[in-house]
Amino acid sequence: MKQSDPIFRLDGVTRRYGNLTALDSIDFTAEDNSYISLLGPSGSGKTSLLRVIAGFEAPDSGRIWFQGRDITDLPAHERGIGFVFQNFALFPHLTIFENVAFGLRNGAINPPEAEIIQRVKETIEMVGLTGLEDRNPDQISGGQKQRVALARSLVMQPKLVLLDEPLGALDANLRERMQTELRTIRERLDVTFLHVTGSETEALAMGDKVAVLDSGRIVQFGTPEEIYDAPIISDVALFLNRFNLFDGTLKDGVFHGAFGSVPVSGARANETDVYAIRYDRTQIFDTGSTDLPGPALPARYLASEYLGSSIVFLFETEDNKTVEVDHHLSLGEPRDLEVGRDYVLSWSPEQAIVFGKELAR
Ligand SMILES: Nc1ncnc2c1ncn2[C@@H]1O[C@H](COP(=O)(O)OP(=O)(O)OP(=O)(O)O)[C@@H](O)[C@H]1O
């Protein structure tokens, strides 16, 4: 492989199930030695994409390249690509050691026993499982099973590991800890992780880059900051779960919505007209305030939720839409609000992102 080659590339990869197009002519290039999150709603094609790259399924059309080689017609076990399943898929009758050794003992390479022992030991140590080698999978915790699943893949020294919702089976605390560990382990190994998740928080926290999949297409690929600051279509803003999205009409550079009519300096091409403002850029004012930074959206205060580093305030607009305001505690104490009282929400118009049928970027 040349130094400049991407680790893998997809050229027009399409996968259909009957009439349904699960992957719709996907072009995608992944950099070597990176952590890529693949984010998308349920049914967007995330698992199908991983299975096609791994070789568990063949694409209907398109080619798959790995380390500069066309692997489209290569069987899964000859691809040298690791796969970590959501449910871990450990062998219940084998010890942890033998689970991790399985691929080395049963693969094409067949290394000598001394090397197998050495590699399994090193990998078990790296994922923090030393001491548990002789246990069976039913004698370890969920987080430990997750590590075994990862070790089983890493022991084969792959250059690419595909992880299908690897943290989905873990509780919230453990998930957060494993996020950090997965990143640390990957950085040590000069390996690329392609990590599928339906959680926007996980995708943004973990990926050096995030690919957003929607209806079988990669609609955006960028750093977490790029995706968060500039979602390319309103559906991406919707999955991110950090924007208040308002329907309305964009006409002649003015957006008409529940908050009045606001001039718009630029809009992104989209299937519908949508006005987006981030939760943490939406501000709360008393009714009748004269110092609003922009549009005025009347809303009734419903409730708040404490999230550790921030508080989310929930409001309801006159047309029964829920609007969220996120107040970071680093900005100081939030104001006291009275449940059931009417307030006005406002924001700086230049912080809004407008999506329109009419105006291209
Ligand atoms: N073997 C199959 N036969 C028929 N349809 C399938 C098959 N596998 C997946 N699909 C369909 O293809 C689409 C994409 O499915 P896929 O499992 O890739 O989505 P996903 O993004 O991984 O979803 P989730 O997050 O719910 O797992 C869905 O509409 C699904 O119903």
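Residues numbered from 1 in each chain as written. Predicted model: local features only at pLDDT ≥ 70, side-chain atom pairs only at ≥ 80, totals over all residues.

- By the naming in an unreviewed UniProt entry, the protein chain goes by ABC transporter ATP-binding protein and is assigned to Thalassovita aquimarina.

1. Quick word on the nonpolar core
Here is step 1: Core analysis: the biggest nonpolar cluster contains 75 residues, and Val 100, Ala 151, Leu 160, Leu 162, Val 212, Ala 276 and Val 354 have the highest contact counts within it.
Here is step 2: Inspection of this core shows a minimum of three residues originating in each of domain 1 (8–229) and domain 2 (242–356).
Here is step 3: Excluding residues that lie within four positions of it along the chain, Ala 151 makes contacts with Val 100, Thr 123, Ile 124, Val 127 and Leu 129.
Here is step 4: Leu 297, Ala 299, Phe 315 and Tyr 343 belong to the second-largest nonpolar core, a separate cluster that totals nine residues. (Core = buried A, V, L, I, M, F, W, Y, C linked by C-beta atoms within 7 Å. Buried ≥ 20, exposed ≤ 12 C-beta atoms within 10 Å, placed from the backbone. Domains from an automatic or database assignment. Contact = placed C-beta atoms within 7 Å.)

2. Quick look at the environment of Pro 231
Here is step 1: With respect to the secondary-structure elements, Pro 231 resides in the loop between helix H7 (224–229) and helix H8 (234–240).
Here is step 2: Judged by the 24 C-beta atoms lying within 10 Å of it, Pro 231 falls in the buried class.
Here is step 3: The sequence separation of Pro 231 and Gln 220 amounts to 11 residues, and the corresponding C-alpha distance is 7.8 Å. (Helix = DSSP H or I, 4+ residues; strand = E, 2+ residues; numbered from the N terminus.)

3. A short note on helix H1 (residues 46–54)
Here is step 1: Within H1, burial applies to Lys 46, Ser 48, Leu 49, Leu 50, Val 52 and Ile 53.
Here is step 2: Immediately downstream of H1, the backbone of Gly 55 shows phi near 100°, a positive value.

4. Brief notes about the sheet that holds strand S4 (residues 61–66)
Here is step 1: What the four strands build is an open sheet, ordered S2-S1-S4-S5; its pairing is antiparallel. Each end of this open sheet is capped by a strand with a single partner; those strands are strand S2 (20–30) and strand S5 (69–70).
Here is step 2: Bridge analysis of S4 against S5 gives two bridges, and the strand direction is antiparallel. Bridge assignment links Phe 66 to a residue of S5, and that residue is Arg 69.
Here is step 3: Across the sheet, H1 touches strand S1 (8–17), S2 and S4, and the angle it forms with S2 is around 60°. (Pairing = 2+ DSSP bridges. Axes fitted to C-alpha atoms, helices over the stretch in contact; angles between N-to-C directions.)

5. Overview of the pairing of strand S16 (residues 274–278)
Here is step 1: With five of its five residues buried, S16 lies for the most part within the structure.
Here is step 2: Covered by surrounding structure in S16 are Val 274, Ala 276 and Arg 278 together with Tyr 275 and Ile 277, the residues of both alternating faces.
Here is step 3: Two strands pair when backbone bridges link them, and strand S11 (residues 243–247) and S16 are joined in this way by five bridges, in the antiparallel orientation. Looking at the pairing, Asn 244 lines up with Ile 277 of S16.
Here is step 4: The pairing of S16 with strand S22 (residues 353–356) spans three bridges and is antiparallel. Along S22, the bridge assignment pairs Val 274 with Phe 355.

6. Points about the packing of helix H4 (residues 142–154) against helix H5 (residues 172–189)
Two quantities define a packed helix pair, namely the angle between the axes and the distance from one axis to the other.
Here is step 1: Taken N-terminus to C-terminus, the directions of H4 and H5 make an angle of 20°; their axes are 11 Å apart at the nearest point. By the criterion of interaxial angle, the relationship of H4 to H5 is roughly parallel. When you trace H4 past H5, the crossing you get is right-handed. Contacts from Gly 142, Gly 143, Gln 146 and Leu 154 in H4 reach Leu 174, Met 178 and Leu 189 in H5. (Parallel < 35°, antiparallel > 145°, perpendicular 65-115°, else oblique. Left-handed = near helix turned anticlockwise from the far one by under 90°.)

7. Looking at the UniProt feature "domain: ABC transporter" (unreviewed entry) in the protein chain
Here is step 1: When the UniProt feature table is mapped to this numbering, "domain: ABC transporter" (unreviewed entry) covers residues 8–240.
Here is step 2: Between the C-alpha atoms that bound residues 8–240 the distance is 26 Å, and the span itself is 36% helix and 26% strand. (UniProt positions renumbered as here; feature names shortened; annotations may be inferred.)

8. Examining the site of the ligand
Here is step 1: Taken together, Tyr 17, Leu 20, Ala 22, Gly 40, Ser 42, Gly 43, Ser 44, Gly 45, Lys 46, Thr 47, Ser 48 and Gly 198 are the residues near the ligand.
Here is step 2: Among the elements of the structure, S2 and H1 are those that each provide at least two residues to the shell around the ligand.
Here is step 3: It is H1 that provides the largest number of residues to the shell around the ligand, a total of three residues.
Here is step 4: Broken down by class, the residue content of the shell around the ligand amounts to three nonpolar, eight polar and one charged. (Near = placed C-beta within 6 Å. Nonpolar A, V, L, I, M, F, W, Y, C, P; charged D, E, K, R; others polar.)

9. Topic: the confidence of the model for the protein chain
Here is step 1: With 98% of its residues at a pLDDT of 70 or more, the protein chain has an overall mean of 92.
Here is step 2: For this predicted complex, the interface confidence reaches an ipTM of 0.95, while the overall pTM sits at 0.88. (pLDDT = per-residue confidence, 0-100.)

10. Some words on the pairing of S2
Here is step 1: Strand direction decides the pairing type here: S1 and S2, joined by seven bridges, are antiparallel. For Leu 10, the partnering residue across the bridge sits in S2 and is Phe 28.
Here is step 2: As consecutive antiparallel partners, S1 and S2 are separated by two residues, and within that stretch Gly 18 has a phi angle of approximately 60°, a positive value.

11. A few points about H4
Here is step 1: The end-to-end C-alpha separation of H4 is 18 Å, in line with the 18 Å expected for 13 residues at 1.5 Å each.
Here is step 2: Taking burial as the measure, the 13 residues of H4 include 10 buried ones, the bulk of the element.
Here is step 3: Of the residues making up H4, those classed as buried are Lys 145, Gln 146, Arg 147, Val 148, Ala 149, Leu 150, Ala 151, Arg 152, Ser 153 and Leu 154.
Here is step 4: The elements touched by buried residues of H4 are strand S6 (81–84), helix H2 (96–106), helix H3 (113–126), strand S7 (160–164) and H5. (Expected span 1.5 Å × (residues − 1).)

12. A word on the sheet that holds S6
Here is step 1: The six strands lie next to each other as S6-S7-S8-S3-S9-S10, forming an open sheet whose pairing is mixed. At either margin of the open sheet sits one strand with a lone partner, and together these are S6 and strand S10 (217–222). In this sheet, adjacent strand axes meet at a mean angle of 20° when their direction is disregarded.
Here is step 2: Of the pairings in the sheet, the one linking strand S3 (residues 35–39) to strand S9 (residues 209–214) comprises four bridges and is parallel in character. Each residue of the ladder has a partner; that of Ser 37, found in S9, is Val 210.
Here is step 3: With respect to the sheet, H1 is in contact with S3, S6, S7, strand S8 (192–197) and S9, its orientation differing from that of S7 by roughly 150°.
Here is step 4: Running at roughly 170° to S6, H4 makes contact with S6 and S7 of the sheet.

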